[in-house]
Amino acid sequence: MRDINNTIISLLGSGTLGVIIVGVLQYLGNKHGKLEDEYRNLYQEVKEELKAYKAEHEKVEDDLEKEVSELKATVIEKDREISELKGILREAKKTISEYKRLIREDEKNGSNYKS
């Protein structure tokens, strides 16, 4: 930048116009540098926030996958319990039917004894 300033001053002389142009160029250069710094800072902030968001998203995703796996295991366990209860219910129905049959036979035989 110093070389550019010196070149401008040597071309235009050390008069007011040359000094004004150099001043404007320095101002624009400083402004540009500040804007670059702000851009870098903002870029870094966004990058860090994105990294944090991604990490949080992955954690939530992992937690959800774990919860889904646990729920699947619970469903499988409950399904087995239901199957066992259905088997017990079938056996109970058979036993009740057998008792009813025995009671009917006893009533039938009992009425035979009375005759």
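Novice: Hey, could you run me through the overall build of the protein in this one?
Specialist: Regarding its fold elements, the protein presents two helices and zero strands. Taken over 115 residues, the protein has a buried fraction of 3%. A total of about 10,700 Å² of accessible surface is found on the protein, and carbon and sulfur atoms cover 58% of it.

Novice: Please explain a negative patch on the surface as it appears in this structure.
Specialist: Together, Glu58, Glu61, Asp62 and Glu65 make up a negatively charged patch on the protein surface. With respect to the element layout, glutamate 61 can be found in helix H2 (residues 16-114).

Novice: Would you explain the pattern of salt bridges in this entry?
Specialist: Side chains carrying opposite charge are able to pair once their charged atoms draw close together. Applying the stated criterion across every chain, the model contains seven salt bridges. With its nearest N and O atoms 3.1 Å apart, the salt bridge here joins arginine 40 to aspartate 37. Residue arginine 40 and its partner aspartate 37 are both found in helix H2; the two are separated by three residues, about one turn of the helix. Exposure remark for arginine 40: the relative accessible area of 46% places this residue in the partly exposed category. Put simply, arginine 101 and glutamate 98 hold a salt bridge, and the shortest N to O gap is 2.3 Å. Here arginine 101 pairs with glutamate 98, and both are found in helix H2, just three residues apart, close to one helical turn. Judged by relative accessible area, glutamate 98 falls into the partly exposed class, the value being 35%.

Novice: Help me understand the packing of aromatic side chains, please; the structure alone is not making it clear to me.
Specialist: The relation between two aromatic rings is expressed through the spacing of the ring centres and the mutual angle of the planes. Under the criterion given, the structure shown has one aromatic pair. Their ring planes at 25° and their centres at 6.2 Å tell us that tyrosine 39 and tyrosine 43 sit as a pair that is stacked. Within this pair, tyrosine 39 and its partner tyrosine 43 are both found in helix H2, separated by four residues, close to a single helical turn. Here tyrosine 43 falls in the partly exposed class, since its relative accessible area comes to 47%.

Criteria and cut-off values
- Residues numbered from 1 in each chain as written.
- Predicted model: local features only at pLDDT ≥ 70, side-chain atom pairs only at ≥ 80, totals over all residues.
- Heavy atoms only, no water.
- Helix = DSSP H or I, 4+ residues; strand = E, 2+ residues; numbered from the N terminus.
- Buried < 20%, exposed > 50% of the residue type's maximum accessible area, 1.4 Å probe, protein only.
- Areas by Shrake-Rupley, 256 points an atom, 1.4 Å probe, with all protein chains shown as cover.
- Patch = residues over 30% accessible without salt bridge, like charges linked within 9 Å, V, L, I, M, F, W, Y side chains within 5 Å.
- Salt bridge = Lys/Arg side-chain N within 4 Å of Asp/Glu carboxyl O.
- Lys, Arg positive; Asp, Glu negative; His and termini not counted.
- Charge placed at Lys NZ, Arg CZ, Asp CG, Glu CD.
- Phe/Tyr/Trp six-rings, centres within 6.5 Å; stacked < 30°, edge-to-face > 60°.

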